[in-house]
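Chain and residue survey
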Amino acid sequence: PEGELATARAAAAYEIVSVNEFQVLARQALPKMYYDFYAGGAEDEHTLKKNVQEFQRIILQPRVLVDVSNIAMSTNILGYTISAPIMIAPTAMHKLAHPEGELATARAAAEFDTIMILSFSASSSVEEVAASCDAVRFFQLYVLKRRDIAVNLVQRAEKSGYKAIVLTADRPRRGRKEADIKNKMNLPQLKNLEGLMSIEVFSVSEILKWALSLYELLQDKGSNTKPYTNEIFDSSFCWRDIAWLKSITNLPILIKGILTREDGKIKVSSDDVFVTPFSIVLLATKAMEVGAAGIIVSNHGGRQLDYTPATISVLEEVVQAVGRKVPVLLDGGVRRGTDVFKALALGAQAVLVGRPVIYGLAAKGEAGVRKVMHMLKDELELTMALAGCPTLKDISRSHELDG
Ligand code: FNR
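Predicted model only: the values in this text are computed from it and were never measured.

1. Some points on the overall build of the protein
When helices and strands are counted, the protein shows 15 helices and twelve strands. Out of the 403 residues in the protein, the part that is buried amounts to 56%. For the protein, long-range pairs separated by at least 24 residues make up 75% of all intrachain contacts whose partners lie at least 6 apart in sequence. Carbon together with sulfur atoms contributes 54% to the accessible area of the protein, which is approximately 17,200 Å² in total.

2. Some details on the packing of helix H14 (residues 337-345) against helix H15 (residues 355-387)
Contact geometry for H14 and H15: axes closest at 7 Å, N-to-C directions at 60°. Accordingly, the angle class assigned to the pair H14 and H15 is oblique. As for the relative orientation of H14 and H15, their crossing is right-handed in sense. For the pair H14 and H15, the contacting residues are Gly337, Thr338, Val340 and Phe341 in the first and Leu376, Glu379, Leu380, Thr383, Met384 and Ala387 in the second. Residue composition of the contact of H14 with H15, grouped by class: six nonpolar, three polar and one charged.

3. Topic: the packing of helix H2 (residues 19-29) against H15
In contact at an axis separation of 10 Å, H2 and H15 are set at 170° when each is read in the N-to-C sense. Judged by the angle between their axes, H2 and H15 are roughly antiparallel. Where H2 approaches H15, its residues Val19, Phe22, Gln23, Leu25, Ala26 and Ala29 are matched on the opposing element by Pro356, Tyr359, Gly360, Ala362, Ala363, Lys364, Gly368, Lys371, Val372, Met375 and Leu376.

4. Some details on the site of the ligand
For the ligand, the set of nearby residues contains 23 residues, the closest of which are Pro90, Ser119, Thr168, Asp331 and Arg335. Pro90 is positioned such that a nitrogen or oxygen atom in its backbone is 2.7 Å from an oxygen atom of the ligand. In this structure, a nitrogen atom belonging to the ligand sits 2.9 Å away from a side-chain N or O atom of Tyr142. Relative to its unbound accessible surface of 600 Å², the ligand loses 98% to contact with the protein. Partitioned by chemical class, the residues of the shell around the ligand number eight nonpolar, ten polar and five charged.

5. Remarks on the pairing of strand S5 (residues 115-118)
The side-chain alternation of S5 yields two buried faces, one formed by Ile115 and Ile117 and the other by Met116 and Leu118. Pairing of S5 with strand S6 (residues 136-141), which is carried by four bridges, proceeds in the parallel orientation. Looking at S6, one finds that Met116 is bridged to Arg137. The parallel pair S5 and S6 is bridged by helix H6 (residues 126-132), and the resulting crossover is right-handed.

6. Focus: the nonpolar core
In terms of nonpolar packing, the biggest core is built from 104 residues, with Phe139, Leu141, Ile295, Val297, Leu315, Leu330 and Met384 touching the most fellow members. Filtering out sequence-adjacent residues up to four positions away, Ile295 remains in contact with Ile255, Ile258, Ala284, Ala287, Met288, Val318, Val322, Val326, Pro327, Val328 and Leu329. The next biggest cluster of nonpolar side chains, apart from the first, holds 14 residues, and it includes Ile77, Ile82, Ala350 and Leu352.

7. Notes on the pattern of salt bridges
Taken as a whole and assessed by the stated rule, the structure comprises 14 salt bridges. With a closest N to O distance of 2.7 Å, Glu366 and Arg107 form a salt bridge. Remark: Arg107 occurs in helix H5 (residues 101-112) and Glu366 occurs in helix H15; sequence separation between them is 259 residues. Between Arg397 and Glu316 there is a salt bridge, and its shortest N-O distance comes to 2.6 Å. Pair noted here: Arg397 is in the loop between H15 and strand S12 (400-401) and Glu316 is in helix H13 (residues 311-322), with a separation of 81 residues, a long-range link. One salt-bridge network, in which partners are shared between bridges, spans Glu100, Arg107, Glu366 and Arg370.

Reading the values: the criteria
- Residues numbered from 1 in each chain as written.
- Predicted model: local features only at pLDDT ≥ 70, side-chain atom pairs only at ≥ 80, totals over all residues.
- Heavy atoms only, no water.
- Helix = DSSP H or I, 4+ residues; strand = E, 2+ residues; numbered from the N terminus.
- Buried < 20%, exposed > 50% of the residue type's maximum accessible area, 1.4 Å probe, protein only.
- Contact = heavy atoms within 4.5 Å.
- Areas by Shrake-Rupley, 256 points an atom, 1.4 Å probe, with all protein chains shown as cover.
- Axes fitted to C-alpha atoms, helices over the stretch in contact; angles between N-to-C directions.
- Parallel < 35°, antiparallel > 145°, perpendicular 65-115°, else oblique.
- Left-handed = near helix turned anticlockwise from the far one by under 90°.
- Nonpolar A, V, L, I, M, F, W, Y, C, P; charged D, E, K, R; others polar.
- Near = heavy atom within 4 Å.
- Polar contact = N/O pair within 3.5 Å; in protein donor to acceptor, adjacent residues only side chain to side chain.
- Pairing = 2+ DSSP bridges.
- Right-handed = clockwise from strand over helix to strand, strands pointing away.
- Core = buried A, V, L, I, M, F, W, Y, C linked by side-chain atoms within 4.5 Å.
- Salt bridge = Lys/Arg side-chain N within 4 Å of Asp/Glu carboxyl O.

Okay, here's the thing in structure tokens:
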């Protein structure tokens, strides 16, 4: 009898009760180099930490004696209904976390009934992911100097049923992640990179060339200051080029990486949309002017420019600039259902999660991703009940006090 009790106690001890616990499991499961690659941020990791801390500063103000016997969490993003306002952010190379990689993540997205944004730097092709599940998928794009690669990928995404393009705008160059430099972060053997970055439609020499580029993309090139990746990314891509992107696809385009309404130095009018040098500044208003179908308030999970604001701190400003014209989504630091609630209260239509998904994947594959998503949803459901908000529309600014 004591044996059974001991087993039960051990099982109870291993009951995973929060998203953060998956981070601990992921750390145990992964080689240090890969764990650091996923978990780390740029330079002092100030923004990485702030993304979480600024959520924690917000205090909730519940309403009581509200009928919360039914809580409704499903919402609609660009015409697609999802079971809860929690989506999967684009993150690179899921096969470093788990052999089934993006396919496991996509199956979990389908089961959870949410939208998965497939990364441009995925370790499975757009077609493979499309075939593996019927989740609604968006495709995230970086624009390389080789524009034909963008054209090819966007057209293939369109053909295999992806519903939108997410243009990530905050990575004209790679941020400086010091852990990766110290670890001499690199990818596994080239032979294991088959299919990487969805470029297998190109000739074998092209595959090797680009696989090699990606291989080197994550490698410290010695000086640390000019990684190879900067040579393949088109750092001249700016607001003007969104017209080009629109010309190559019929899909709606969301812009990811917006952190402000405007930079305050320039007057925003239709004339100055395309001027440089300020046109690289990310402005919600400009995004509207170039016809973005949605905006993702994001600082790339603190992996690009350090000392940018926590996303939750600037969300309200962006929402006000955009009005209700297009959906505003947020990512960065979402680890609790209460965080989702806080973002919705400040006007986000949904949030995206990046690292939590990877930690779930690394710890327990598809089941881990499912568990992460369901934990966040269950926590959101409980938060809505305890705060007196039976529907998403009931969640408002008045449910928050500034911390
Ligand atoms: C990312 N992110 C990212 N974004 C993007 O547009 N394309 C990409 O390929 C990647 N790759 C990537 C890899 C890893 C390991 C991480 C952690 C992040 C950024 C991602 O989409 C998202 O903005 C953040 O992950 C959100 O922050 P949290 O949820 O990780 O705190």
